[in-house]
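Spelled out, the chains give:
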Amino acid sequence: MTRQEEMAALLLPQIDKTPAYYESLYPARQLKEGAQVTRIAPSPTGYLHLGTLFSALVNRITATATGGVFFTRIEDTDKKREVEGGIADIIEGLSRFGITIDEGFVNGTTQIGDYGPYQQSHRAEIYQTYVKELIRQGLAYPCFCTAEELDAVRQEQEAAQIRTGYHGKWAKHRDITPEEARTEIAAGKPFVIRLRSPGSEENRIRFDDVIKGTIEMPENDEDFVLLKSDGIPTYHFAHAIDDHLMHTTHVLRGDEWISSVPKHLQLFRLLGFKPPKYGHISPLMKLDNGAKRKISKRKDPEAAVHFFAEEGYDPDSVIEYLMTVAASDFEDWRRANPTADRKTFPFKLKKMSVSGALYDENKLIDVSKIEISKMSADTVYEKLTAWAKEFDPGFFEILTENPAYTTAALAIDRGNAKPRKDIARWSDAKDYLAYFFASLYVPDHTLPETVHPEDAKAFLQAYREVYVETDDRQQWFERIKALCPALGFAADTKAYKADPSAFRGSVGDLSTVLRIAVTGRRNTPDLCSIMQVLGRAECLRRINEMMNSL
RNA sequence: GGCCCGGUGGUCAAGAGGCCUAAGACACCGCCCUUUCACGGCGGUAACACGAGUUCGAAUCUCGUCCGGGUCACCA
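Residues numbered from 1 in each chain as written. Chains lettered and ligands numbered in written order. Predicted model: local features only at pLDDT ≥ 70, side-chain atom pairs only at ≥ 80, totals over all residues. Heavy atoms only, no water.

Considerations on the sheet that holds strand E6 (residues 192–195)
Right, on to step 1. Sheet architecture is open: three strands sit in the order E5-E6-E9, paired in antiparallel fashion. Sheet topology places strand E5 (140–143) and strand E9 (225–227) at the edges, where each strand pairs with a single neighbour. For this sheet, the mean inter-axis angle between neighbouring strands, taken without regard to orientation, is 45°.
Right, on to step 2. Judged from the four bridges that link them, E5 and E6 form a sheet pairing that is antiparallel. Residue tyrosine 141 lies in a different strand from E6, and its bridge partner there is arginine 194. (Pairing = 2+ DSSP bridges. Helix = DSSP H or I, 4+ residues; strand = E, 2+ residues; numbered from the N terminus. Axes fitted to C-alpha atoms, helices over the stretch in contact; angles between N-to-C directions.)

Listed below in structure tokens is the structure:
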């Protein structure tokens, strides 16, 4: 037994498997040429973060565009930060946004696929097997430093203005002997396993980031921690083992990871693994007092995706917006393919922005209005009521009392070539539909300054007599025009504009009066349709009510 | 501070040495259309961070400066 084998046996006595065992357990995937395997690896430390959603989207569409696989893996190696129900929050959150998962966790408790377990806390033995091999090869060693000692070293380094960290001569336990280690262990001292980095700061490494392009950095010379004192790996080590064994081809993650790439590449090389392609995604930013900064979980409500649900944004709108941020050519594609499934969008990582984009609510609203304008009345009814049920129960009651009626109201000016774009969020619908429901109807009978109350009253009185509920738009309008001459109004807008002094007003004014009478407001979609949905009795009632107030 | 990444209108962005008098979208403004509003159409305001250099020619290449972001844990 060599000294290194002795050390390996001392540190990880319970490990009896070898890497070869796992290599054969998780054979290469059988995928077609060019298929890319991606993943999202969230930590269950709380709700689904916007950044995680964005990253999941990018990984998802990358796999989809290449006929590959997208899987989820739970990085629960930090027990201190773990939150109960965190897995379900994140995974089910992704589903709500329509992000489908091919493999790994598909909800809070179920995992599918042949490369599991997809939860790092259940993979301890795998990591330890590889660490043991590294120790055998002299590439890893135990470190017994306490947090205080490490802290003291850092302070010394800072005082001397040299690079901080556990490397080179500062790596106290780098050459610890099996005997020394045995003594420490016997004394009950906890230890971590560190990499014995063969790297040097003098060397430069380069790699091609599939999003950012070529990046050059100093080689890693840090003896960073592989296994924490509880036997659980750090992110770096788990990443190398898992993405190798799960055969990930593309690691697309937040760009806060860029600086760790030298560690990861070194790990893959030392372990004898083929490294994946890396792509680093710029974060979504927000303007804070004129300064751009990454959206923060603590300061920004938008960081938590449930914010969007509460605001009433449709998940589909949020994804559509995120797509415009993820791919600079997505909007053009969307214009050319207004109704196509996003899954057919030919996504290219090269089209991703290199710098962080500012979260733009205006743009979200615009995208959302377009999305909702393209929906059928039935779809709107379904989504709106689903939203209201959760976030505005009172409104839900009102909407569902008579589904056919609500749907008819929602159908106005919808489904034609130029649908209206009144609704950006489901919460907007309450005001938009208010005059259709007695309990929400708060009419404002204020007339435009240009219209005299007596004219309005005379018009309403005359209209009441000629009103035919079944008129189509054309007939409906003709009827109003027909009333104009007797009231001294211009039936033709152009004639009125040519000589306003010759008339008391125009047909437009009269239409507005009717609109105010029927809906209690001046701006609405097509009035004729509204009156049909409201019904003759209700329209007459409202017209009379208005007349009485004049 | 060290190491990385980035900087084109208010925002997102196209842009690969001459096609740039710099596209498009959102927002904003105006006009037209119009029974209101919206939609739509037309038009408008508004940008290559700065300074050197390379070149006949620079938004594009190089260097420097400045600014912004990220990262330097037994967190991910």
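Still to come is the rest of the account.
What to know about the domain arrangement of chain A
Right, on to step 1. On domain assignment, one finds that chain A holds domain 1 (311–373), domain 2 (377–436) and domain 3 (453–549).
Right, on to step 2. Computed from C-alpha atoms alone, the centre-to-centre distance between domain 2 and domain 3 is 26 Å.
Right, on to step 3. Between domain 2 and domain 3, the residue contacts involve eleven residues of the former and eleven residues of the latter.
Right, on to step 4. Contact between domain 2 and domain 3 buries roughly 950 Å² in total, counting both sides, with carbon and sulfur atoms accounting for 61%.
Right, on to step 5. The largest contributions to the domain 2 side of the interface with domain 3 come from Ile412, Asp413 and Tyr435, which together make up 60% of the buried area.
Right, on to step 6. If you look at where domain 2 meets domain 3, you find two salt bridges.
Right, on to step 7. Salt-bridge contacts for arginine 473 lead to aspartate 413; the nearest nitrogen and oxygen are separated by 3.5 Å.
Right, on to step 8. Taken together, the connections running from domain 2 to domain 3 amount to three residue pairs in polar contact (both at pLDDT 80 or more).
Right, on to step 9. Secondary structure elements with two or more residues in the side of domain 2 that touches domain 3: helix H16 (403–411) and helix H17 (429–433).
Right, on to step 10. In terms of residues, the side of domain 2 that touches domain 3 owes the most to one element, H16, which gives three residues.
Right, on to step 11. Tallied by class, the residues present in the side of domain 2 that touches domain 3 amount to eight nonpolar, no polar and three charged. (Domains from an automatic or database assignment. Contact = heavy atoms within 4.5 Å. Buried area = accessible area lost by both parts, 1.4 Å probe. Salt bridge = Lys/Arg side-chain N within 4 Å of Asp/Glu carboxyl O. Polar contact = N/O pair within 3.5 Å; in protein donor to acceptor, adjacent residues only side chain to side chain. Nonpolar A, V, L, I, M, F, W, Y, C, P; charged D, E, K, R; others polar.)

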